[in-house]
Amino acid sequence: METLDLQSKVHDEARQGEAYAPFAFDENQYKKHFYIESYGCQMNFSDSEIVASILNEQGFGATRNVEEADLVLLNTCSIREKAEQTVRKRLTEFRKAKDQKPGLLIGVLGCMAERLKAKLLEEEKLVDLVVGPDAYRTLPGLIEEAETGQKAVNVLLSREETYADISPVRLDSNGVTAFVSIMRGCNNMCSFCVVPFTRGRERSRDAYSIVAEASDLYNRGYKEVTLLGQNVDSYYWVNDNGSETVTFANLLERVALISTDLRVRFSTSHPKDITDEVLFTMAKYENICKYIHLPIQSGNTRVLQLMNRTYTREWYLAKVDRIREILPDCGISSDIIAGFCTETEEEHQDTLSAMAYSKYDMSYMFFYSERPGTLAERRYTDDIPEEVKKRRLQEIVDLQGKLSKESNQKDLGKTFKVLIEGNSKRSDDDWMGRNSQNKVIVFPKGNYNLKKGDYVQVKVNDCTQATLIGEIIAI
Ligand code: SAH
Ligand code: SF4
Ligand code: F3S
């Protein structure tokens with residue numbers, strides 16, 4: 001019998017780059033099993049941990065082995081066309097698994113489910129379940145429905161759902177770093193972006209439930225939490241009687257105060273919303289990591305206006321200056337789109353010069369992919385030929401390579417406090433960790449009796465474009 005290699009890592013076009021399947025935990029405890037793969041941004045990975053929690057309650061254990069699964073779930077991304085193609089390809093691979101096991105249920109979760117709704121059932125005949133990002137609580141009922149042979153769909157978006165009370169089941173965790181969702185949805189209307197349509201209105205999660213989740217992680221040995229939202233700076237929570245309000249800066253502080261040993265990161269910041277208060281809070285606490293992901297998208301004001309980013313080139317670059325002034329050792333990274341509608345060569349050059357000015361440590365770089373239903377699709381023509389988009393993207397990638405290398409070379413000879421996340425990919429004799437600026441550092445374990453989750457002082461002796469290479473100088 002032919003077996004499918006469904007364990008293999010799938011390369012994804014979206015931000016985080018990789019899809020994954022979870023560990024099989026407590027295998028014997030559960031009669032039924034689900035297999036889940038996640039695509040897209042960290043929010044989606046974080047949502048899969050909510051889904052895992054809901055399914056565990058329902059008697060489904062996670063498995064890494066699709067042949068053991070009664071339910072196969074793909075948590076999908078719609079951000080670019082390629083991300084959707086990857087999922088469609090994956091679905092055709094699952095057809096074989098379904099042929100071998102006719103009772104197997106296949107579900108599509110996340111942004112593609114939301115975007116395509118019941119259409120997905122017509123397009124992909126083998127799909128039994130379609131569940132949008134705000135409807136995961138209804139999964140148990142939908143699974144029951146699907147088990148009786150009906151197709152089950154729930155893609156209702158909510159103005160309130162934050163899954164605040166659901167304790168995520170950590171999937172494929174290194175036991176050291178974890179994501180904590182602090183808000184859902186997005187109220188910005190960047191004209192290229194499908195997220196407001198797939199994730200709905202912005203809402204902030206109860207601050208107490210966030211601090212409780214981060215404390216619980218710390219008590220279980222985790223040493224780093226990343227607070228997640230599409231636009232974390234607009235986090236704003238008000239309690240029921242309106243007597244207490246919490247801004248993002250307040251929330252950062254509350255999480256930082258859990259323990260000086262617990263690192264705090266966050267993503268994503270919108271240049272229009274990040275405040276001095278946030279920067280000063282970062283400066284005040286050593287355990288708030290000095291790293292900001294500040295997507296520019298384009299370095300040209302006219303293009304930024306078409307993108308509806310609501311800032312100009314000058315505003316953005318002034319933000320970079322402000323960050324460097326308040327946090328001189330802060331790492332900065334970006335998202336960049338090449339070849340947006342009507343972008344001229346000169347305007348593309350503005351993106352390159354803004355990158356050089358900002359000296360990004362790293363960037364996620366894409367060429368524009370028109371998404372159905374977005375403002376850009378309705379208002380503008382996707383008129384930059386693909387080869388021009390690709391050439392511009394290559395220039396952006398090349399420049400970023402140079403900037404990353406320069407940034408890493410500046411760190412030669414410096415010593416950083418590093419949180420050990422695990423073995424290096426290349427060798428079990430080396431540790432891999434990150435510094436506050438989010439740079440990956442690899443270094444020999446030596447004769448120290450260290451374990452993952454420990455902090456260690458590492459001196460940088462060498463580097464590549466992507467990695468610092470160092471040695472332990474103190475523990
Ligand atoms: N909320 C985050 C980004 C979420 S999407 C923010 O506002 O920064 C991640 C990145 O994907 C975006 O920053 C953008 O660079 C890219 N992206 C979004 N829509 C895209 C599209 N239609 N084509 C190409 N890249 C896109
Ligand atoms: Fe999309 Fe803009 Fe919202 Fe980010 S801020 S998710 S790019 S609409
Ligand atoms: Fe993709 Fe949805 Fe995230 S479209 S980037 S998975 S919010």
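Heads up: the structure comes first, above all this text.
Everything in this summary refers to the structure shown in the same document. None of the values given here were measured: they were computed from a predicted structure. (Residues numbered from 1 in each chain as written. Chains lettered and ligands numbered in written order. Predicted model: local features only at pLDDT ≥ 70, side-chain atom pairs only at ≥ 80, totals over all residues. Heavy atoms only, no water.)

Regarding the pattern of salt bridges
Alright, step 1. Under the definition given, this model contains 42 salt bridges.
Alright, step 2. The closest approach of N and O atoms between Asp-47 and Arg-199, which form a salt bridge, is 2.8 Å. In this pair, Asp-47 is assigned in helix 1 (residues 42-57) and Arg-199 in helix 6 (residues 195-199), connecting sequence segments 152 residues apart. With respect to burial, Asp-47 and Arg-199 carry one shared label: buried.
Alright, step 3. Of the charged contacts, one joins Arg-254 and Glu-244 as a salt bridge, the two residues approaching to 2.8 Å between their closest N and O atoms. In this pair, Arg-254 sits in helix 8 (residues 248-256) while Glu-244 sits in the loop between strand 11 (236-238) and strand 12 (245-247), placing the two residues 10 residues apart along the sequence.
Alright, step 4. Classification of Arg-254 by relative accessible area gives partly exposed; the value is 28%.
Alright, step 5. Under the relative-accessibility criterion, Glu-244 is labelled buried at 19%.
Alright, step 6. Each of Asp-47, Asp-134, Arg-184, Arg-199 and Arg-203 takes part in one network of salt bridges that share partners. (Salt bridge = Lys/Arg side-chain N within 4 Å of Asp/Glu carboxyl O. Helix = DSSP H or I, 4+ residues; strand = E, 2+ residues; numbered from the N terminus. Buried < 20%, exposed > 50% of the residue type's maximum accessible area, 1.4 Å probe, protein only.)

Some points on the side chain of Asp-411
Alright, step 1. Tracing the backbone shows Asp-411 in the loop between helix 14 (386-410) and strand 17 (415-423).
Alright, step 2. For Asp-411, the side chain forms a polar contact with the side chain of Lys-439, separated by 2.6 Å.
Alright, step 3. Sequence-distant contacts of Asp-411, that is, excluding residues within four places in its chain, are made with Phe-416, Lys-439, Val-460 and Leu-468. (Polar contact = N/O pair within 3.5 Å; in protein donor to acceptor, adjacent residues only side chain to side chain. Contact = heavy atoms within 4.5 Å.)

Considerations on the environment of Ile-473
Alright, step 1. Here Ile-473 shows up in strand 21 (residues 468-474).
Alright, step 2. On the accessibility criterion, Ile-473 (45% relative accessible area) is partly exposed.
Alright, step 3. With 377 residues separating them in the primary sequence, Ile-473 and Lys-96 have C-alpha atoms 53 Å apart.
Alright, step 4. Once residues within four sequence positions are removed from consideration, Ile-473 is found in contact with Thr-415, Gln-457 and Lys-459.

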